[in-house]
Amino acid sequence: MTRATTCATTSAIVFDDVSLKHGGVTRLSHLSLEVNRGEVLGLLGHNGAGKTTSMKLMLGLLSPTQGSLSVLGQRPDRAGDRAFRQHLGYLPENVRFYPNLSGRETLTYLARLKGRPTAEVDELLVQVGLGGAADRRLATWSKGMRQRLGLAQALLGEPRLLLLDEPTSGLDPAATEAVYATIGMLKARGVTVVLSSHLLPGVEPVIDRALILGEGKCLALGDLASLRERFALPYVIEMRGAPQDLALRLIREGIPARSSLADGGRLRLEVAPEHRMNALRLCTAFQGLKDLEIRPPSLEALYRRVQAPSGRDPGNGNEGSSESDASDRYQVIDESDHTTVSPSAEDTP
Amino acid sequence: MRLLLTIAHKEFRDGLRHRWVLGIAVLLGVLALGIAAFGAAASGGTGFTGLSTTLISLSTLSMLLIPLIALMLAYDAIVGEDEGGTLLLLATYPMSRRTWLLGKFMGHAWVLGLATLCGFAVAGVVIAFATPEAALAEVAAGLTTLIVSSVLLGWSFLALAYWISARAGSKQAAASQALITWFVFVLVLDLALLALLVGVRQGGAWLPWLMLANPAECFRLLVLSAVEPHQASAITALASATPRSSLLLALLQVVWVLLPLGLAIRRFEHRAL
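Just so you know, these numbers come straight off a predicted model, no measurement behind them. (Residues numbered from 1 in each chain as written. Chains lettered and ligands numbered in written order. Predicted model: local features only at pLDDT ≥ 70, side-chain atom pairs only at ≥ 80, totals over all residues. Heavy atoms only, no water.)

Notes on the overall build of chain A
When helices and strands are counted, chain A shows 12 helices and 14 strands. Every one of the 349 residues in chain A was classed for burial, and the buried ones make up 52%. Taking contacts inside chain A between residues at least 6 apart in sequence as the whole, the part at least 24 apart equals 69%. Carbon and sulfur atoms form 51% of the exposed surface of chain A, whose accessible area is close to 15,400 Å². (Helix = DSSP H or I, 4+ residues; strand = E, 2+ residues; numbered from the N terminus. Buried < 20%, exposed > 50% of the residue type's maximum accessible area, 1.4 Å probe, protein only. Contact = heavy atoms within 4.5 Å. Areas by Shrake-Rupley, 256 points an atom, 1.4 Å probe, with all protein chains shown as cover.)

The following block contains the structure:
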């Protein structure tokens, strides 16, 4: 959160108390936000939460009804000059392109419209992994390929700001991985990236900060570590071969914990972040322990917590179940954030 | 300007790939050929019946078909790209909406113009073969008028289609509005005019001027102005009261292209995305 206080010259995007009302509906209400150059911001929220609206505001397609907004030092809805838009890359949520043109023709056309040399086209097609299909008509392409073409056009002209609306929707895991790798590369080049998503597990490693929106309001903003801390989400420890009354024993040691049974007879513990090391020590001390796994609270859990009606006490009983299905998905999709601890020396005390 | 041409070229290529150019040219060509070759069937004979009759028959064909083709070609020009997501994308590109619309219109205009030219040129060749050599200049002049005014007619309805497309919220709405537009301008207004003519007994001198409020009638008047007066039929009797200056009528047709196009641009610039 300290980043939000940096001076305006390093900010790519500044929302200052921006609201947008349209036809009596508040699409966005009192959003204040600064995004630094070279930062990757994740826009998270359900459908209708205001993700696309925020993007359209940044693109100048909508004007705020209140507050002010500056993107790359300009008011986007007043930015008449071509240079501003040339430095902008945008991937809309759904774009079908022209079925009768080939990928190369489409990208060449778009490059011309953007005033870029068409020499970039071949390079970009290869970069997004479409080199082989470039000359086939788009009508024969899969959704994932068209999505990658959309990414390629957003990269035309080395943009300084990239706005990606659901960049991985409809992509298989490998292609999703490739998209995030590309985003990582751009970030290294100093490109500011705003990406919206409701597929949470994948974006976690990519984003610097998350803005969680709900019904047009900012529910939470910050990097993942500080958000985890702020919402005091429990770490999850799963193990096999541990005694059933483990939670009780931990509580007796002064470590607040909750336990439940997970799939395959595994015992699942939830402990507060500050107690996780002590809990781990106690758990590994058991002789019958076969396997142990510890996970930090996922973005999804955070997201659910933030979206939950306010006034709910963090740590009440309902959270267990939501954390549970969240982490199940987490486990399947994202392997990178796991820390698996195999009990050393097969249970020698 | 380069942007305009880029957009127009892409639209034209789309038109080629969708077989619009070929389809329209073949349709018009075959029908025109039929009219030119068997135009006398109505009067009991066969074969070519003379330039004026043929031109009038061809103009009726144009008046019915070309507006419909133009409307079908372009009713989804804007709303279609909106539904496909490309409009939203292109709105973030460094070009104005006006440039994009004009470029697209130019591309469609080129598709329609080329197809009309090819279609009628075929008929022209047949007519030329059936005409004595001395009258060739007359044939050329008549056909040129027909083709130019047909193209202008097509462009007016193209511009109307753009206006419809800029206003419509969905492709289906645009399609039905396009059909209604065709129905009104090509059939209803014509009949309404006739009804008025019959209904108003006296002081109806202003009535023929009403014809100018319809691009399809402007077209017909322009073609008639190129046909000799002694061929005048029932339609020309009405037309005789209106200005017969070809130049004025051609100008009016141009106005009928620019007016809806201007409205389309104005509407499009305020279209929410």
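What about the interface of chain B and chain A?
Every contact between the two is made by 23 residues of chain B and, on the other side, 24 residues of chain A. Of the roughly 2,400 Å² buried between chain B and chain A on both sides combined, carbon and sulfur atoms contribute 63%. When residues of chain B are sorted by the area they lose upon contact with chain A, Thr92(B), Tyr93(B) and Pro94(B) head the list and together hold 27% of the total. Connecting chain B to chain A are 2 salt bridges. Scanning the region where chain B abuts chain A turns up 7 residue pairs in polar contact (both at pLDDT 80 or more). Secondary-structure elements contributing two or more residues to the side of chain B that touches chain A are α1 (2-17), α4 (79-84) and α5 (86-91) of chain B. The element best represented in the side of chain B that touches chain A is α1(B), accounting for 7 residues. (Buried area = accessible area lost by both parts, 1.4 Å probe. Salt bridge = Lys/Arg side-chain N within 4 Å of Asp/Glu carboxyl O. Polar contact = N/O pair within 3.5 Å; in protein donor to acceptor, adjacent residues only side chain to side chain.)

A short note on the pattern of salt bridges
Summed over all chains, the structure comprises 26 salt bridges over all chains. A salt bridge links Arg75(A) to Asp77(A); the shortest N-O distance between them is 3.0 Å. The partner of Glu11(B) in a salt bridge is Lys104(B), and the shortest N-O contact between them spans 3.1 Å. A residue pair is termed long-range when its members are at least 10 positions apart, and Glu11(B) in helix α1 and Lys104(B) in helix α6 (residues 97-130) qualify at 93 residues. On the accessibility criterion, Lys104(B) (3% relative accessible area) is buried. Salt bridges here are not isolated pairs; linked through shared partners, they connect Glu238(A), Arg258(A), Arg266(A), Arg268(A), Glu270(A), Asp291(A), Glu293(A) and Arg295(A).

Re the pairing of strand β9 (residues 217-222) of chain A
Residue and element names in this part refer to chain A. Here strand β8 (residues 209-214) runs beside β9; their pairing, made up of 5 bridges, is antiparallel. By the bridge assignment, Leu-213 is partnered in β9 with Cys-218. Here β8 folds back onto β9, and the loop between the two strands holds 2 residues, one of which, Glu-215, carries a positive phi near 50 degrees. (Pairing = 2+ DSSP bridges.)

Side note on a nonpolar patch on the surface
All names here are of chain B. Together, Leu-64, Ile-180, Phe-183, Val-184, Leu-187, Val-188 and Leu-189 make up an exposed nonpolar region whose accessible area comes to about 520 Å². No other element matches helix α8 (residues 171-199), which puts 6 residues into the nonpolar patch. Given a relative accessible area of 31%, Val-184 falls into the partly exposed group. (Patch = residues over 30% accessible without salt bridge, like charges linked within 9 Å, V, L, I, M, F, W, Y side chains within 5 Å.)

Focus: the sheet that holds β8(A)
Residue and element names in this part refer to chain A. Pairing in this open sheet of 6 strands is mixed, and the strands run β5-β6-β7-β3-β8-β9 from one edge to the other. Each of the sheet's edge strands pairs with one partner strand only, and the pair in question is β5 (88-91) and β9. Across the sheet, the mean angle from the axis of one strand to that of its neighbour is 15 degrees, orientation sign disregarded. For strand β3 (residues 40-44) and strand β7 (residues 192-197), the ladder comprises 5 bridges, and the chain directions are parallel. Bridge assignment links Leu-44 to a residue of β7, and that residue is Ser-197. The strands that helix α6 (residues 173-188) touches are β3, β6 (161-165) and β7; relative to β7, the one it contacts most, it runs at about 155 degrees. (Axes fitted to C-alpha atoms, helices over the stretch in contact; angles between N-to-C directions.)

What to know about α1(B)
Taking 1.5 Å of rise per residue, 16 residues should cover 22 Å, and α1(B) covers 22 Å from first to last C-alpha, within 8% of that figure. Within the sequence span of α1(B), burial applies to Leu3(B), Leu4(B), Thr6(B), Ile7(B), Ala8(B), Lys10(B), Glu11(B), Phe12(B), Asp14(B) and Gly15(B). Residues of α1(B) that are buried in the fold lie against α2 (82-86) and α3 (103-113) of chain A together with α2 (20-38), α4 and α6 of chain B. (Expected span 1.5 Å × (residues − 1).)

So, the layout of surface pockets
Its boundaries defined by the atoms lining it, the largest pocket holds a volume of some 570 Å³. As for the largest pocket, its lining consists of 28 residues, of which Tyr98(A), Pro99(A), Asp14(B), His18(B) and Asp76(B) are closest to the centre. Of all the elements in the fold, those that place two or more residues in the lining of the largest pocket are α1, α3 (51-74), α4 and α6 of chain B. The residue inventory of the lining of the largest pocket, partitioned by class, reads 11 nonpolar, 7 polar and 10 charged. (1 Å grid on protein atoms, 1.4 Å probe; cavity = no way out; pocket = protein on both sides within 12 Å on 5 of 7 lines; lining within 4 Å. Points joined across faces, edges and corners; volume = space filled by probe spheres on them. Nonpolar A, V, L, I, M, F, W, Y, C, P; charged D, E, K, R; others polar.)

A few points about the nonpolar core
Counting residues in each nonpolar core, the largest one holds 169 residues, and the members touching the most others are Ile13(A) and Phe15(A). Of all the elements, helix α7 (residues 136-167) of chain B adds the most residues to this core, at 15 residues. Each residue touching Ile13(A), except ones within four places of it in the same chain, is listed here: Leu33(A), Glu34(A), Val35(A), Met58(A), Leu69(A), Ser70(A), Val71(A), Leu161(A) and Val194(A). Within the second largest apolar cluster, 19 residues are counted, among which are Ile255(A), Leu267(A), Leu269(A) and Leu292(A). (Core = buried A, V, L, I, M, F, W, Y, C linked by side-chain atoms within 4.5 Å.)

A closer look at the UniProt feature "transmembrane region" (unreviewed entry) in chain B
Residues and elements named next belong to chain B. Feature annotation in UniProt assigns "transmembrane region" (unreviewed entry) to the following positions: residues 20-42, 54-75, 105-130, 142-166, 178-200 and 247-265. With 100% helix and 0% strand, residues 105-130 has end C-alpha atoms that lie 37 Å from one another. Along residues 247-265 the backbone is 100% helical and 0% strand, and the end-to-end C-alpha distance reaches 27 Å. (UniProt positions renumbered as here; feature names shortened; annotations may be inferred.)

As for unusual backbone geometry
Even without being a glycine, Asp17(A) presents a positive backbone phi close to 50 degrees. Tracing the backbone through its elements, the reader meets Asp17(A) in strand β1 (residues 11-22). Overall, Asp17(A) belongs to the partly exposed group, its relative accessible area being 29%. In the Ramachandran plot, Arg19(B) falls in the positive-phi region, its phi being about 65 degrees despite a non-glycine side chain. By the element assignment, Arg19(B) lies in the loop between α1 and α2. On the basis of relative accessibility, which here comes to 55%, the residue Arg19(B) falls in the exposed class.

What about the pairing of strand β10 (residues 235-240) of chain A?
All names here are of chain A. Extensive coverage of β10 is indicated by the burial of 5 of its 6 residues. Of the pairings in the sheet, the one linking β10 to strand β12 (residues 267-271) comprises 5 bridges and is antiparallel in character. Note on β12: the bridge partner recorded for Val-236 is Glu-270.

Considerations on the side chain of Glu120(A)
All names here are of chain A. If you trace the backbone, Glu-120 turns up in helix α4 (residues 119-127). Residue classification places Glu-120 among the buried residues on the basis of a relative accessible area of 14%. Beyond its immediate stretch of four places on either side in the chain, Glu-120 contacts Leu-156 and Gly-157.

Thoughts on the environment of Ala134(B)
Structurally, Ala134(B) can be placed in the loop between α6 and α7. Separated by 97 residues in sequence, Ala134(B) and Ala37(B) have C-alpha atoms that sit 20 Å apart.

Things to note about α2(B)
All names here are of chain B. Here α2 contains 19 residues, and its C-alpha end-to-end distance of 27 Å stays within 8% of the 27 Å for a straight helix at 1.5 Å per residue. Every buried residue of α2 is accounted for by Val-21, Ile-24, Ala-25, Leu-28, Gly-29, Ala-32, Ile-35 and Ala-36. For α2, the buried positions fall inside an angular range of 135 degrees around the axis, keeping them on one side. Away from its buried face by more than 90 degrees, α2 exposes Leu-22, Val-30 and Phe-38. (Arc of directions from axis to C-beta.)

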